[in-house]
Structure formats: structure tokens, C-alpha cells
Amino acid sequence: MNRLPFAPVLRRSLPAALAGLGLALVLSALHSSKSPASAQPSVDGKSIYLERCAFCHGENGDGNGPVARYLNPRPRNFTLGQFRFRTTASGELPLREDVITIVKQGVRGTAMPRWEGVLSEAEVEAVVDYLTTSFVPFWGTYDPPVIAIPDPPRVTAGMIEEGAIQFQELQCWKCHGEQGRGNGSSALSLTDETDRPIRPADLTKAWRYKGGSDLVSIYTRFSTGMDGTPMPSFYDVIDEEQRWALAAYVRSLQTGEPSGESVLQAAFTSQDLPTDPDDPLWDQADPTSYFLTGQVIVGPRWQTPGVDAVTARALYNSTNLALLIEWDDPFQDTQGGGIDVLPQAGTYVDLETFPQNVGPFADGLAVQMPAMLGEGVAKPYFAWGQPGNPVNLWVWHASDQVQEFIGTGLKTEPAAQANTNVAAGADWTDGRYRLILTRPLSTGDPDDIEVKPGQFIPIAFQAWDGSKGETGTRLSLSSWNNLVLEQPTPIAAYLYAGLAVLGVGAGEWWLYRRVRS
Amino acid sequence: MTRRLSLFWMVILTVIGVNLLLRLGVPYLSMLIAHRDAPLPVPGALMVIYQALTFIGVLVYLAADERRLQAFWQPIRSFIRGPQAIRTPLDRAIGYARWAVLGALPLLAGWAVYSSSLPATSAPTSLRIAHPTIPFEYQSLTNPFRNPDGTVDPAVIQEGRVLFQINCRPCHGTPANGEGPMAYGFRLRPANFSSEDTIATVIEAYAFWRVREGGIGLPSQGSPWDSAMPAWAGELSDEQIWKIIAAEYQTAGVEPRRPESAASE
């Protein structure tokens, strides 16, 4: 590739360099604006499969590639001929177009990548033709019956009401839970086509739908069923109108995904801080949601996080700070103290040998702040700090009370602080935790930072879902975010603004007098 | 006959133009050139310097010639003085507009001062240097698996590919595009290796350093505290890392920078 020798230097100090070197840069732009090189344009389906798919789906299509043991859900075993994402009747093979569609869009929230934009249309078709004809039994021997998907109607409030009735009558709640949080009574006993445990979808998280969260995708999913999973087909049970109503209801359960906003604003109140999550005082505090992801930074790495988002609110008064943190956890695990398996060899937790019967472990949540704040003090590492630059952790577990720890990195167990100055109160209802943590703004404890209004304080969250086998460093974590206690508008702002008005007004008057005379 | 723009308006347009260039033009141009997803704003300090330079330039230009200064003042003066006599309804309308502007100016100034002295509510941002200098001890390393003609044995690539898919895929993604299933949770996103501005701009030894020492091994300009990139030394052998790096370039469809040009850096 043809590259200018000074290109990296330029990129590093780009904005500064640019303003001065406009012309030179325009010239270099002409050189470097080539699009990234794409893979060789081979449309040989077999070689694409071997290079791009086989390490997961296996050279023989049996879903046993070398990467598979680290994944949950496992890569599809094509030789079983059971496909989740179809437009054909329950138990039938998919259409060629169905396979092409799912390969292009990928399966969200799983290891199955999105291939659109990576492989060309022709390459996707070639690899799909290769895998279907080589591995899928009975492929091409008959025409599978198709479930026609008509144009969706306009969603009305009446439809959603009707859908809620269907949700009850068809007993979707038995698996998906009353609120759709994946916490139905049979949720823990389900298995897939390979006899591995499988959980029903959390229908409230729009970003977790594997096959698309729009109306038509939902309609398709429960009409065709998801072969290989306990998710049945409901096509023959209800008529078209009822199907659209049910899809509209399921869609109405969805909440949006975290926006990417980093700042958590603590609102000021002159009252006592609430200890009840239903206290209307919380309405004064804006909620901010954050993504959490698996702890894949130090081994044994954990890529099946139980908690993928938390929503936080903050309030403070003249003495204390209170956080209200909410997250979905379908099953409440209050019993802790179970035996953990020894750390396994390998860099990732091997899910093939990871015992399902470890534990019991209690659910938990941690709030993390730096242990030291100030000018010239670097931020500690976002995952439990590092040696020499520790973090302060408020660790709450459903089994016992909250305790403060000092974290110096994921490789050392956090050390309990001498004093815990945080109080906790938690509530779990139908698959959702609501936890209130309260701490004095200034604790006088040398292990804690002082929380001052107006200051941006780095804050991060970690969570453990006990029934998913999470304890210790098998956890989910967020990046650094910012907590700021909002300040009342300073008097000075009004003063300076008044002065500005007077000053400019007087200036105008003076000019007017001068020009007139 | 063409009517020339009055000097007053020319000055105003110049100042606005320079500001637009600094606030929109340069950031968007840098975005295009550096292949970024978002515009790169001009740093605040530079902004002040360029604005001051424009201001001084305009002042010098005006002050150099008495007539120019007069020509510049003229529209301002007549505006402040107001119309000599009110003859038509249009004159009256202009008169009202003039009072409105005169009244609004102090209020505008007051509002600007007020809003700039409110406490900040958006997080402090810091400029991160994505590619700080490679430590000395790594500079002259080369990939032992790369042949003199730049190729790598397919069996080595295959081995590296599996290691990459097991260890790096959760963040960097199967196609090495930075879209792995764990990536969504990291604010400092895992690098997209198929873009022009990550591993394609560095020599292989640089990638080797980053893989061994990880995000936490970055100097502070690289904001090590935000980087999820693990330090793999101790978990993967050096040999495995070189194989992974060969496969990483191959998967992403980019070439490493050649060490010769690194020497001239």
C-alpha cells in the first residue's frame, strides 16, 4: 500500500497540524482516501466457509469448531437441520433466502457476526449454498411450506390490549414472565436441541432480540417458532388479527437501550434522602442508563455476562448522597457462600467444562469510585483500579449487607476497608432489582473520597448474577462514567449578567450622545 | 455597474467566515482525511490564537488608513444616530427595528455572560493520543514468521486465526472490525483493525507491544485507565502473539507499515 511516511505523525497531532498545513493535507488526503482493502474477491463458497466460519461451526458443519467451547449459545450444528430464523412452518427447513438474511444480519447478542459489509452479496450466497448443500440433511429435496407474512397493520391501543390477553391465554408468561423479563416459572428448566440449558428471551430489552425487535420480526418469530429451542410456533392457535395484536403487545414491552450518555446528575433536595425506591422524590433525579459487559480483561475471562445494563439516579442533600440503581435479573439469588471452581487453565472460561452446579452465589452490585481525587492524580484503571492507584468499591450482595473495599486490579482480591460508611436497601420484584445506596458526602474516613458539588467524579458499576454462576471476577462491568452533584446557579452568574447588561447599555448611550452632538 | 459590499459588512463577513472555518470546516476536513467517524474539533487554545490573529489583522487593516476607518465607522454611526427624518411608513418601521436591536444588544450580552458562568454539566473531555511512541525495547523487533517477501506460511496464519478468534474476537470481532459481542460495553471502543487508522499505520512491532502490554501499559496520553485492551504477556507466548498478529492483519485485509519508513519517523 502506498503510504506517506509522515502520515502517522500528522494523524497524531492532526487538528493542530491541520489548521496550519491545510494545503499539504489536502494533497495527502488525495493519497490516503483509498478505502480499506477488502478480502480477496473469491466467490468459492467452500474456501470462504473454511476461512470465515469453520473455527466456530466446524469444518464438517457440526458446530464444533475450536472456538465453540467458549461460546454460549453454541454455534449452530448444521447437520441437525434445525434453524431458528425461518419464514417456513414449524419443524421445516428454512428457505435459502432465510439463511442468507440471517447470515447478513448476524445474531445480535451472540457470537454469530453480522456479515453484511464484510462479505459481498455474492460471497454470502456462495457460502450459504456451500453450507446448506454440504451439511444440511434433505436440503433441496423438497419445497418447505412457507408462512406468508402480510403487511403489518397500524398499531393501536386496542391491539395492544388484545395482545395482552393473548399473552396470558397462550401462556407466554410461563417462560417469558409476566413482565416479559425472561423470568417465567419454567424458565430455568428449558434445554435446546443439544440438551444444553437455554433461557427464554428477555422481551423488555429491544437490543437483545436475536432476530430483530420490529413488529414483523416478532410476528415471524412466534408464528414460525424457533426450531431447536423450546420457543413454540403459535401459528395455528390464533388468527392473523390476534397475531398482530400479540406482536404489538410484545413490542410495547420493549425499553430502549442506554443512550451512551456518561453523566449521572445528582439533584439537590433539602429534604431527607428517600429510603424507598417508590418515593416520588426520585422523580426529581434524571435516570441515566449504562451498558455493562463481560469481564474479558483478565483470565479466566467471562463472556456470558448476566447483567448487561443498569439504570441509575442520584439525589443529595446537605449531608448525604443517595443512588438508586435498577437492573434486570430474572431470578433472585440471596444465598451466597457456595464453593467456586478453581480458576481454570486457559484465558477464557471454558463453557464446555464450566460446571453448571457451582454455587450458590448471591446476586450483587458494586459502585466504583477512585480512592483518591485531585489535580495531578491520574484516574485509576476502570476495572477495579491498579496497584498504586486504587479504587473505592461499595459492594452490595443480596446475601448480606453492603461493604466497602479497596480494589487494586482484577488480579488481586479487593481488600475490605476498616469502616463501611455506605448503607443499603434493596428490593426485587418480578425480575428487577432496585437498590438504594446512601453515603455521607464527607465520611472522615481516609479510605473514602469527599464528594463535593460541581466536581466530576469518575463512577463505574459492576454486577453479579448468582444463578448464572457469577462470583469474583466472573462479573459484568461498565466503563468509567461521571457523577456530578448539580450546583444551584451561583449568585455570581446573575451579578455578572447584570453588569454586562448595564455595561453594554451604558456604552450604547455614550456612543449615541457622541454621534448626536 | 456592480455595487461593492461596504467595508463594514466585509469586516463582519470575514470574522464570521474565519469562525465557520475553524468550527466546522477544519473539524470536518480532519474527519475526512483521518477517516474518523466524528469531526475533530480544533483545540480551544488554538482557537483563541486564530481568533485573536484575525481580530488583530482586521484592526491593523482598518487603522492603517484614515479613510478606511471612517468608511468602517460610517454605517455604525448612522445606525446609532437613527434616521434624520421620518417620511414614509418604511422609515418608521426601520426606526422601530433600530430600537429593537439597540435594546436587544445589552440583553444578549447579559445572556451570554450568564450562560458562560453556569456550572458545567457535560463531562470533561480529554484529547487521547491513539498511537503514542513505541517503547525503545520493542522498536527493532520483527515478526519471526514473516518471510522476506512479506508473506506468511498459511499454516501459521491458520494457527494465529484460531487464537485470534478465541482470544481477541469477543472485543475486536470475528472480521476484526471492532464489533465483537463484548464491545458494546466499552466507551473506548475496541480498535477496528480494518480501518485505515489502526494497525495499518503501525509496524508489526508496535502491535506486538500493544498486545503484550495492553491498555494499562499505555503512557498517560493514551488514557490507559479507559482501555479494556488486556495485557497478554504471560497468558500468550511471544510466538503465539506473533502468529495472532500475522492473522490479525490478514483477517482485517490490511498490511503493516514497513519498518524502513518507521526508521525515518
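Residues numbered from 1 in each chain as written. Chains lettered and ligands numbered in written order. Predicted model: local features only at pLDDT ≥ 70, side-chain atom pairs only at ≥ 80, totals over all residues. Heavy atoms only, no water.

## Let's talk about the overall build of chain B
Under the convention used in this document: Secondary structure elements are taken from DSSP: a helix is a run of H or I of four residues or more, a strand is a run of E of two residues or more, and numbering for both begins at the N terminus. Put simply, the radius of gyration uses C-alpha atoms, and a globule should come to 2.2 Å times the residue count raised to 0.38. Burial classes follow relative accessibility: with a 1.4 Å probe on protein chains only, a residue under 20% of its type's maximum area counts as buried, one over 50% as exposed, and anything between as partly exposed.
What chain B contains, in helices and strands, is nine helices and zero strands. Listed N to C, the secondary structure of chain B is α-α-α-α-α-α-α-α-α in terms of helices and strands. On C-alpha atoms alone, chain B measures out to a radius of gyration of 29 Å, which is more than a quarter above the 18 Å that the 2.2 N^0.38 rule sets for 265 residues. Viewed in the frame of its principal axes, chain B has a C-alpha envelope of about 90 × 40 × 35 Å. The proportion of buried residues among the 265 residues of chain B is 40%.

## Details of unusual backbone geometry
Residues and elements named next belong to chain A. Of the consecutive residues Gly 299 and Pro 300, the connecting peptide bond is found in the cis state with omega at -5°. Topologically, Pro 300 is positioned in the loop between strand S3 (293-294) and strand S4 (309-316). Between Gly 359 and Pro 360 the backbone carries a cis peptide bond, its omega angle lying at 5°. With respect to the secondary-structure elements, Pro 360 resides in the loop between strand S5 (320-328) and strand S6 (364-370). Even without glycine at this site, Trp 384 takes up a positive phi of about 70°.

## Points about the nonpolar core
Where we set the bar: The nonpolar core is taken to be a set of buried Ala, Val, Leu, Ile, Met, Phe, Trp, Tyr and Cys residues, with the residues joined through side-chain atoms within 4.5 Å.
Ile297(A), Phe382(A), Phe186(B) and Ile245(B) are the most contacted members of the largest nonpolar core, which has 64 residues in total. Contributing elements (two or more residues each) for this core: helix H5 (54-57), strand S7 (391-397) and strand S12 (456-464) of chain A together with helix H5 (154-167), helix H7 (204-213) and helix H8 (238-252) of chain B. Per-element tally for this core: the top contributor is H8(B), with seven residues. Counting 33 residues, the second-largest nonpolar core is a separate cluster that includes Trp327(A), Leu365(A), Met369(A) and Ile459(A).

## Quick notes on the packing of helix H1 (residues 7-34) of chain B against helix H3 (residues 66-81) of chain B
When two helices pack together, their arrangement is captured by the angle between the axes and the distance separating the axes. Residue and element names in this part refer to chain B. Convention followed: Axis definition: a line fit to C-alpha positions, over the contact stretch in the case of helices; interaxial angles, taken between N-to-C directions, run 0 to 180 degrees. Comment on the angle field: the value is read as roughly parallel under 35 degrees, roughly antiparallel over 145, roughly perpendicular from 65 to 115, and oblique elsewhere. Only heavy atoms matter for contacts: two residues are in contact if any of them lie within 4.5 Å across the pair. Three residue categories are used. Nonpolar comprises Ala, Val, Leu, Ile, Met, Phe, Trp, Tyr, Cys and Pro, charged comprises Asp, Glu, Lys and Arg, and polar comprises the others, including Gly.
The N-to-C vectors of H1 and H3 enclose an angle of 90°; their axes lie 7 Å apart at closest approach. If you check the angle between H1 and H3, you find them roughly perpendicular. Of the residues in H3, those touching H1 at Leu 7, Phe 8 and Val 11 are Arg 68, Ala 71, Phe 72, Pro 75 and Ile 76. Class assignment for the residues of the contact of H1 with H3 results in seven nonpolar, no polar and one charged.

## What to know about the interface of chain B and chain A
Where we set the bar: Reported buried area values correspond to the accessible surface (1.4 Å probe) lost by two parts on association, with both partners' losses combined. Each reported salt bridge corresponds to a side-chain nitrogen of Lys or Arg within 4 Å of a carboxyl oxygen of Asp or Glu. As used in this structure description, the phrase polar contact means that two N or O atoms lie within 3.5 Å; if the pair is within protein, one of them must be able to donate a hydrogen and the other to accept it, and residues adjacent in sequence are counted only when both atoms belong to side chains.
Contact residues are listed per partner, giving 74 residues for chain B and 81 residues for chain A. Both faces considered, chain B and chain A share a buried interface measuring about 6,700 Å² in area, 65% of it formed by carbon and sulfur atoms. At the boundary of chain B and chain A, one finds two salt bridges. With its nearest N and O atoms 2.9 Å apart, the salt bridge here joins Glu235(B) to Arg301(A). Linking chain B to chain A there are 15 residue pairs in polar contact (both at pLDDT 80 or more). For the side of chain B that touches chain A, the secondary-structure elements that each account for two or more residues are H1, helix H2 (44-63), H3, helix H4 (89-116), H5, helix H6 (169-172) and H8 of chain B. Tallied by class, residues from the side of chain B that touches chain A come to 42 nonpolar, 20 polar and twelve charged.

## Overview of H7(B)
All names here are of chain B. The buried count for H7 comes to eight of ten residues, which makes it a mostly enclosed element. Taken together, the buried positions of H7 are Glu 204, Ala 205, Tyr 206, Ala 207, Phe 208, Trp 209, Arg 210 and Val 211. Looking at the packing, one finds that the buried side of H7 touches H8. Once H7 ends, the next one or two residues include Gly 214, with phi positive near 70°.

## Here we look at the pattern of salt bridges
All names here are of chain A. Using the criterion set out here, one finds 25 salt bridges over all chains in the structure. Arg 313 is paired through a salt bridge with Glu 326; the nearest N and O atoms lie 3.8 Å apart. One end of the pair, Arg 313, is in strand S4; the other, Glu 326, is in strand S5, and 13 residues separate them in sequence. An identical accessibility class is assigned to Arg 313 and Glu 326; each is buried. Overlapping salt bridges bring together Arg 181, Arg 313, Glu 326, Asp 328 and Arg 432 as one network.

## Some thoughts on empty space enclosed by the protein
Residues and elements named next belong to chain A. Defined as follows: Here a cavity is any set of points on a 1 Å grid over the protein atoms alone where a 1.4 Å probe fits but cannot get out, and a pocket is any open set with protein on both sides within 12 Å along at least 5 of 7 lines; a residue lines the site when it has an atom within 4 Å of a point. Grid points are joined across faces, edges and corners, and a volume is the space filled by probe spheres set on the points.
Applying the stated criterion across every chain yields a total of five cavities of 30 Å³ or more. The space that makes up the largest cavity amounts to roughly 520 Å³. As for the largest cavity, its lining consists of 29 residues, and the residues nearest its centre are His 57, Arg 76, Phe 78, Val 107 and Met 112. Those elements giving two or more residues to the lining of the largest cavity turn out to be H5, helix H6 (96-105) and helix H7 (121-135). Classifying every residue of the lining of the largest cavity by side-chain character gives 21 nonpolar, three polar and five charged.

## Let's talk about H2(B)
Structural remark: α-helix, 3.6 residues per turn; residues separated by three or four positions point the same way. All names here are of chain B. This is how the line gets drawn: An expected span of 1.5 Å times one less than the residue number is assigned to each helix. The directions from the helix axis to the C-beta atoms are what the arc is built from.
If you check H2, its first and last C-alpha atoms are 29 Å apart, about what 20 residues at 1.5 Å a residue would give, namely 28 Å. Of all the residues in H2, the buried ones are Met 47, Thr 54, Val 58 and Leu 62. Viewed along the axis of H2, the buried residues span an arc of 65°, placing them on a single side of the element. Those residues of H2 that are exposed and aimed more than 90 degrees away from the buried face are Ala 45, Val 48, Leu 53, Val 60 and Ala 63. Buried residues along H2 sit against H1 and H3.

## Regarding the side chain of Ser479(A)
Looking at the element boundaries, Ser479(A) is found in the loop between strand S13 (476-477) and strand S14 (481-485). A relative accessible area of 6% places Ser479(A) in the buried class. Polar contacts involving the side chain of Ser479(A) include one to the main-chain carbonyl oxygen of Gly185(B), which spans 3.2 Å. The residues touching Ser479(A), leaving out its near neighbours within four places in the chain, are Phe382(A), Ile459(A), Ala460(A), Gly185(B), Phe186(B) and Arg187(B).

## Considerations on the pairing of S4(A)
All names here are of chain A. Selection rule: Strand pairing is assigned whenever DSSP identifies at least 2 bridges connecting the two strands.
Within S4, eight of the eight residues are buried, which leaves the element mostly enclosed by the surrounding structure. Residues Ala 309, Thr 311, Arg 313 and Leu 315 line one face of S4 and the alternating positions Val 310, Ala 312, Ala 314 and Tyr 316 line the opposite face, and both faces are buried. Judged from the three bridges that link them, strand S1 (residues 263-268) and S4 form a sheet pairing that is parallel. Note on S4: the bridge partner recorded for Phe 268 is Tyr 316. Strand direction decides the pairing type here: strand S2 (residues 288-291) and S4, joined by four bridges, are antiparallel.

## A short note on the confidence of the model for chain A
What counts is decided by this rule: Confidence per residue, as judged by the predictor, is encoded in pLDDT with a range of 0 to 100.
Per-residue confidence for chain A averages 90 on the pLDDT scale, and 91% of its residues sit at or above 70. For the stretch residues 1-40 of chain A, pLDDT sits under 50, and the model shows 55 contacts to residues farther than four places along the chain or on other chains.

## With respect to the pairing of S1(A)
Of the strand pairs in this sheet, S1(A) and S14(A) are connected by four bridges, and their pairing is parallel. Bridge pairing links Gln265(A) to Val484(A) in S14(A).

## Here we look at the packing of aromatic side chains
Rules: In summary, the pairing rule links any two rings of Phe, Tyr or Trp, Trp by its six-membered ring, whose centres are within 6.5 Å, and it sorts them by plane angle into stacked for under 30 degrees, edge-to-face for over 60 and tilted for everything else.
Scanning all chains against the criterion turns up 26 aromatic pairs over all chains. Each ring, one from Trp327(A) and one from Tyr433(A), has its centre 4.9 Å from the other, and the planes form 25°; the classification is stacked. Residue Trp327(A) is found in strand S5, and its partner Tyr433(A) is found in strand S11 (residues 432-440); the two are separated by 106 residues along the sequence. With centroids separated by 5.7 Å and ring planes inclined at 40°, the aromatic side chains of Phe8(B) and Phe72(B) adopt a geometry described as tilted.

## Concerning the domain arrangement of chain B
One widely used convention gives an interface's size as the accessible area the parts lose upon coming together. Just so we agree on the cut-off: Domain start and stop points were drawn from an automatic or database domain assignment.
What the domain assignment lists for chain B is domain 1 (7-84 + 91-110) and domain 2 (136-263). Inter-centroid distance (C-alpha atoms) of domain 1 of chain B to domain 2 of chain B is 48 Å.

## Considerations on the environment of Glu92(A)
Residue and element names in this part refer to chain A. Structurally, the position occupied by Glu 92 is in the loop between H5 and H6. Sequence separation of Glu 92 and Asp 143 is 51 residues, and the distance between their C-alpha atoms is 9.5 Å. Non-local contacts of Glu 92, meaning those with residues more than four positions away in its chain, are made with Arg 86, Tyr 142, Pro 144, Pro 145 and Asp 227. Here Tyr 142 takes part through its side chain, which lies 2.7 Å from a polar atom of the side chain of Glu 92.

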